[in-house]
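# Topology and contacts: notes
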Amino acid sequence: MALSGKLIGYVEISKSGDVFHDLIRHKPHDLVAIVPDKVHDCELHEGERGAVGSVITWHYTHDGKRKFMKEIIESVNEENHMIVFKVIGGELDELYKSFTIIFHVEPKGDGQLATWTFEFERPDTSVPYPTSFMDYLCNIIKVLIPITELNSYSIKDKNGVG
């Protein structure tokens with residue numbers, strides 16, 4: 001019997017929710033330059049960056065181990081700054097029967113919340129809740145806060161193209 005679960009993580013951000021959404025959706029490869037110790041590569045395999053149906057592979061270090069994750073963009077909601085990824089390969093896909101990652105930004109007082117939601121299905125109780133991976137993604141958002149709050153946010157590649 002599979003065990004369904006849901007885990008939600010929040011990070012308070014200023015009014016830069018559209019920048020976070022744009023970075024996660026259209027420029028995920030920029031994370032390689034921003035957090036190279038955590039994200040090593042972001043490859044587009046199919047489709048266009050940020051488009052529903054696109055397939056992306058991430059190479060990253062989590063809990064001291066190099067890992068990879070392949071995902072497909074299932075849906076996008078521009079109004080709510082939301083993007084839904086279904087994991088289709090890598091360690092999370094091997095460990096869980098299903099794993100969906102949702103990123104969205106929602107208003108909170110004068111600021112906003114960057115929100116990660118995991119919806120997953122564990123094959124049995126020996127498979128842990130993905131709390132460590134949630135902490136990992138929330139910490140990446142925290143690293144991005146000062147960068148995205150710059151008015152001139154722009155990451156340039158090694159050839160100077162942004």
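Residues numbered from 1 in each chain as written. Predicted model: local features only at pLDDT ≥ 70, side-chain atom pairs only at ≥ 80, totals over all residues. Heavy atoms only, no water.

Further remarks concern the pattern of salt bridges. Two side chains with opposite charge may pair up if their charged atoms get near one another. A full pass over the atoms with the stated rule returns four salt bridges. The shortest N-O distance in the salt bridge between Lys108 and Glu12 comes to 2.8 Å. Here Lys108, found in strand S6 (residues 98-108), pairs with Glu12, found in strand S1 (residues 3-13); they are 96 residues apart in sequence, far enough to count as distant. (Salt bridge = Lys/Arg side-chain N within 4 Å of Asp/Glu carboxyl O. Helix = DSSP H or I, 4+ residues; strand = E, 2+ residues; numbered from the N terminus.)

Next up on the list: the packing of aromatic side chains. The relative placement of two aromatic rings is captured by the distance of their centres and the angle of their planes. Counting across every chain of the model gives 10 aromatic pairs. Measuring from ring centre to ring centre gives 5.9 Å for Tyr60 and Phe133, while their planes differ by 45°; the resulting arrangement is tilted. Highlighted residues: Tyr60 in strand S3 (residues 55-62) and Phe133 in helix H4 (residues 131-148), separated in sequence by 73 residues. On the accessibility criterion, Tyr60 (4% relative accessible area) is buried. Taking the centre distance of 5.8 Å and the plane angle of 45° together, the rings of Tyr60 and Tyr136 count as tilted. Placement of the pair is Tyr60 in strand S3 and Tyr136 in helix H4, with a sequence separation of 76 residues. (Phe/Tyr/Trp six-rings, centres within 6.5 Å; stacked < 30°, edge-to-face > 60°. Buried < 20%, exposed > 50% of the residue type's maximum accessible area, 1.4 Å probe, protein only.)

Everything listed here is a matter of coordinates, which is why it stays silent on function.
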